[in-house]
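For reference, the chains in residue letters:
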Amino acid sequence: MDYLNTRSTESLNLEEFRAVNGTFPKTKEILDLKQQGNKVFGWLCTYVPEEVMHAAGILPVRITGYSQETELEDGNAYLYINNCSFSRSCLQMGLRGEYDYLDGVVAGSTCDGARRLFDLWQHYIKVPFQHILTVPRKYTERAHCLYYEQAVKFKEHLERHLDFEITDEALLKSISLFNESRELLKELYQLRKLDRPPITGSETMEVLNASFRMPKELFNHYLRQLLDELAVSKIEHQNQARLMVTGSVMNNPEFIHSIEELGGLVVTDELCTSTRYWSDPVVLNGRSPLEAISRRYLSNFPCARMVPSEERFDRILQLVRDYKVDGVISQIIRYCVPYAHDLPLLSARLKAAGIPTLALDVEYGTPGSGQIRTRVQAFMEMLETRKR
Amino acid sequence: MTTAESRSEIDILIRTYRLLARMNRAQNKGGSSHTLYFQLLADYYTRVRNAHEEGKLLAAHTVFFPTEVLYAMDIVPMHTEMTTWLSALFLREQAGLLAKGAELGLAPEICSPHRGVAGIFALNAIPRPDIILWSNLICDNTAKSGELMMELSDSPGFFLDNPFQNSSGEMDYLVGELEDMVHFLEERSGRKMDWDRLSEMVARTNDEIDLYREIGELRKAVPSPMSVMDDLELLSADYMFPGQPEAIQYLTHLRDELKGMVQEGKGAVTNERFRLMTLFIPPMYLMSYLEQLFEEYGAVSVVEPLFTLWSEGWLDPAHPLESVAKKSFLIPERRSMYGPLGEQALQDIIDCAEQYKVDGAIYWAFMGCRHTCATIKVIKETLSEVDVPMLTIDCDIVDPTINSEEEVREKLEQFFEMLEDR
């Protein structure tokens, strides 16, 4: 039974985004670009500066795993069963040739899973260009200097590999394009603050997934169209409770949909595939383009890997207030240690703010069925009772 | 648990180590490196117990933390993982600590030593530290455990950010981090860093590394002179006493014992048949059992490349803080476990297999250590290039409910039979 209360018979036109997600990684746009002689690089974590690749004429695409829960025989064999199912899923796709068009893979030393995924990608799946950036875990000036140095090394490595200079002009153009994308996504999220948002959480995730799987120029064009459509749309969604989803990497709109089917409306999130991907723009502020890029990537809405965690907790609490959130669903992939360690600390802070948390142990790609569904249902009932 | 009770837990550790030292002295007519090791640990925990009474700052720290800096400032270090699990093993409190960790909301996939550390802090079962020090060396668990410890003990803390790769910029970053830490410690302790003392410790660390390398060379002998029980003691000499006279005293004693055995042609086991490479650490609670089993089958661990193979290079006492930073790139665990996993790390495994005349390898796949387990397949394939078979045993290094003696015996027996057939 669909509990989502929608005041319109209209439905959003998300066809362009769905077409990209439905065929990724072998999407038409990517394959066409390859055929035209363009290079496509895969990146593994939001601490990898996409603008640098884009300024070199490369299409950066985010490496993600299977869009549904899948047997991960190869992933288990190569990364062992105790690495997160996201890493295992990505590696299995790589091993099976799903990303065989990649001209390069770039990672950051962000968590154990990500750096070992990169190690094994490098060892078993040969790509012409491989690079890993050391990503500090602090926000100090010294940490910013180190990360900038890493960004310079990355740029120089790319230039040597391509025999091509990445100019400041090119970086400025890329910054402008990526900032535009961030600004458009911010506009989309503003609509989710409404009492009756015109777009659901699962639909938003479909848009977000497409954002790192296609050329930004095209994505921005489609997103502008969607925003125009939403501006005149009569669609209004309301549900029993306004929810926020936090935790590990997640690309699965079906998971969000299953929550929304049970009476929740996901109005915001703290995921590296959504808010943490787009939230902060690159601000030049008198800095060189590369300095500005590196500063943005290190000080962006933080991953649980960063220390102190208070910065992340504060921003989550701010989102709770801004989006009038009734409850938080923390979904943590098994063996995603940074988020698992933070959970007791975050839950305590949310509790102090009067916000209940539902903590779910999940596998990457889960559609949110079975026991998860039962637990979400109980959580929704609890939230409903609190409202009375 | 009250402060008095938590003090009694440390008292139990002290009493246990003194008893072990006495028993060992009696058995070995005057003592062995084991006797010395037990006595040194008794002294270590006596310092932990008396720190506050003596007006000293007690610093709880995670594994692979550069405690030379603490020793140089007369701050008393308390190794959280070692303290937690030594006391848990002696008092058979593993289940209670893990249950407390679970009660705090820590998922079972978080490595058990760190769930236990959170548990012991929540139970106030060790002396309340004045400060918490932690770093990302060696994994996400160490990086993420400090803030919860700070909250549970209501203590201030410092996180030391250890860069991933070894470049001059990253080395400078780490030195800067260490400088910040020294300032933090000076503010908290009201004492100034004694740079001359730190230089002495750095000089002594060179001697320590030299001894580690010498011991490594002696273990190449056939038969090999060191037992599986010695492994943990060997590692903890640097974990607990880096650059300290105690480390030199223990390692010298061990080196001399091994040298004597090699000269006499004596091995760690009576009839050496299988020379093994150990990858990661066997479950701590099975150590005595494994020693018996290895004696029964004539098996001996001759090399542990993830833990005992120091990188090339020396430290410079004239630049003590830079040397402390450099040491973190020399330690064996850095290259093989923390990464990046380069060709050199794999070549080292091959070199070890050949130089130590290894017949087979055992990978203790500790489920809590994700980044180490991710290398199992690569290392197995690497070893197969030099015709060394590898057995992988899933385990937990501290939780005794995961592996039974029978199960481990069965797997090892099958492996030894296979090695015999070869």
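Residues numbered from 1 in each chain as written. Chains lettered and ligands numbered in written order. Predicted model: local features only at pLDDT ≥ 70, side-chain atom pairs only at ≥ 80, totals over all residues.

Caption draft 1: Molecular detail of the overall build of chain A. Each helix and strand in chain A was counted, giving 16 helices and 10 strands. Against the globule reference of 21 Å for 388 residues, chain A gives a C-alpha radius of gyration of 20 Å, in line with a compact fold. By principal-axis analysis of the C-alpha atoms, chain A measures approximately 65 × 45 × 40 Å. Counting only residues that meet the buried cut, chain A has 55% of its 388 residues in that class. For chain A, the share of sequence-separated contacts (at least 6 apart) that also reach a separation of at least 24 residues comes to 75%. (Helix = DSSP H or I, 4+ residues; strand = E, 2+ residues; numbered from the N terminus. Rg over C-alpha atoms; globule rule 2.2 N^0.38 Å. Buried ≥ 20, exposed ≤ 12 C-beta atoms within 10 Å, placed from the backbone. Contact = placed C-beta atoms within 7 Å.)

Caption draft 2: Looking closely at the domain arrangement of chain B. Residue and element names in this part refer to chain B. Looking at chain B, the domain boundaries give domain 1 (51–192) and domain 2 (196–421). Put simply, the middle of domain 1 and the middle of domain 2, counted by C-alpha atoms, are 24 Å apart. Domain 1 puts 30 residues into the contact, and the matching count from domain 2 is 30 residues. Within the residue set of the side of domain 1 that touches domain 2, elements represented by two or more residues are α3 (68–72), α4 (80–91), α5 (94–103), α6 (112–122) and α8 (168–189). The element contributing the most residues to the side of domain 1 that touches domain 2 is α8, with five residues. Looking at the side of domain 1 that touches domain 2 residue by residue, the classes come out as 20 nonpolar, eight polar and two charged. (Domains from an automatic or database assignment. Nonpolar A, V, L, I, M, F, W, Y, C, P; charged D, E, K, R; others polar.)

Caption draft 3: Quick look at the environment of Phe24 of chain A. The topology assignment puts Phe24 of chain A in the loop between α1 (15–23) and α2 (28–35). Put simply, Phe24 of chain A and Tyr124 of chain A are 100 residues apart on the chain and 22 Å apart in space, counted from C-alpha to C-alpha.

Caption draft 4: How the structure looks around the sheet that holds strand β1 (residues 58–61) of chain B. All names here are of chain B. Strand order in the open sheet made by the four strands is β2-β1-β3-β4, with parallel pairing throughout. Each edge of the open sheet is held by one strand with a lone partner, namely β2 (76–79) and β4 (157–160). Neighbour-to-neighbour, the strand axes of the sheet open up by a mean angle of 25°, direction not taken into account. Relative to β2, β1 runs parallel, the two being bridged by four bridges. Each residue of the ladder has a partner; that of Ala59, found in β2, is Pro77. Here α4 sits on the sheet in contact with β1 and β2, set at roughly 60° to β2. The sheet strands contacting helix α7 (residues 140–153) are β1, β3 (131–135) and β4, and the helix crosses β3 at an angle near 170°. (Pairing = 2+ DSSP bridges. Axes fitted to C-alpha atoms, helices over the stretch in contact; angles between N-to-C directions.)

Caption draft 5: Examining helix α12 (residues 287–297) of chain B more closely. Residues and elements named next belong to chain B. Of all the positions in α12, only Leu290, Phe294 and Tyr297 are classed as buried. Buried residues of α12, seen end-on, are gathered within an arc of 70° and therefore sit on one face of the element. Every exposed residue of α12 that faces more than 90 degrees away from the buried side is listed here: Ser288 and Gln292. Here the buried face of α12 lies against α10 (228–240), β5 (274–279), β6 (299–303) and α19 (405–421). Note on α12: the residue one or two positions beyond its end, Gly298, has a positive phi of about 70°. (Arc of directions from axis to C-beta.)

Caption draft 6: Main features of the sheet that holds strand β7 (residues 360–366) of chain B. All names here are of chain B. Strands sit in the order β6-β5-β7-β8 across an open sheet of four strands; the sheet is parallel. What marks the edges here is a single partner per strand, and that holds for β6 and β8 (390–395). Strand after strand, the sheet turns through a mean of 35° between neighbouring axes, direction not considered. Judged from the four bridges that link them, β5 and β6 form a sheet pairing that is parallel. Within β6, the residue paired with Leu276 across the bridge is Ser301.

Caption draft 7: Geometry of the packing of helix α7 (residues 141–162) of chain A against helix α13 (residues 289–299) of chain A. All names here are of chain A. Between α7 and α13, the shortest axis-to-axis distance is 9 Å and the interhelical angle comes to 120°. Of the possible angle classes, the one that applies to α7 and α13 is oblique. Of the two elements, α7 crosses α13, and the hand of that crossing is right-handed. Here Ala143, His144, Tyr147, Tyr148, Ala151, Val152 and Lys155 of α7 lie close against α13, whose contacting residues are Leu290, Glu291, Ile293, Ser294, Arg295 and Leu298. Broken down by class, the residue content of the contact of α7 with α13 amounts to eight nonpolar, two polar and three charged. (Parallel < 35°, antiparallel > 145°, perpendicular 65-115°, else oblique. Left-handed = near helix turned anticlockwise from the far one by under 90°.)

Caption draft 8: View of the domain arrangement of chain A. Residue and element names in this part refer to chain A. By domain assignment, chain A separates into domain 1 (5–13 + 171–387) and domain 2 (24–166). Listed by partner, the interface residues are 40 residues for domain 1 and 42 residues for domain 2. Going through the elements one at a time, α8 (168–192), α12 (275–278), α13 and α15 (337–352) are the ones with two or more residues in the side of domain 1 that touches domain 2. Ranked by residue count, the leading element in the side of domain 1 that touches domain 2 is α13, at eight residues. Here the residues of the side of domain 1 that touches domain 2 are counted per class, giving 24 nonpolar, eight polar and eight charged.

Caption draft 9: Just the interface of chain A and chain B, in detail. Listed by partner, the interface residues are 41 residues for chain A and 37 residues for chain B. Residue assignment for the side of chain A that touches chain B shows that the elements contributing at least two residues are α4 (73–79), α6 (112–124), α7 and α15 of chain A. No other element matches α15 of chain A, which puts nine residues into the side of chain A that touches chain B. Split into classes, the residues belonging to the side of chain A that touches chain B amount to 20 nonpolar, nine polar and 12 charged.

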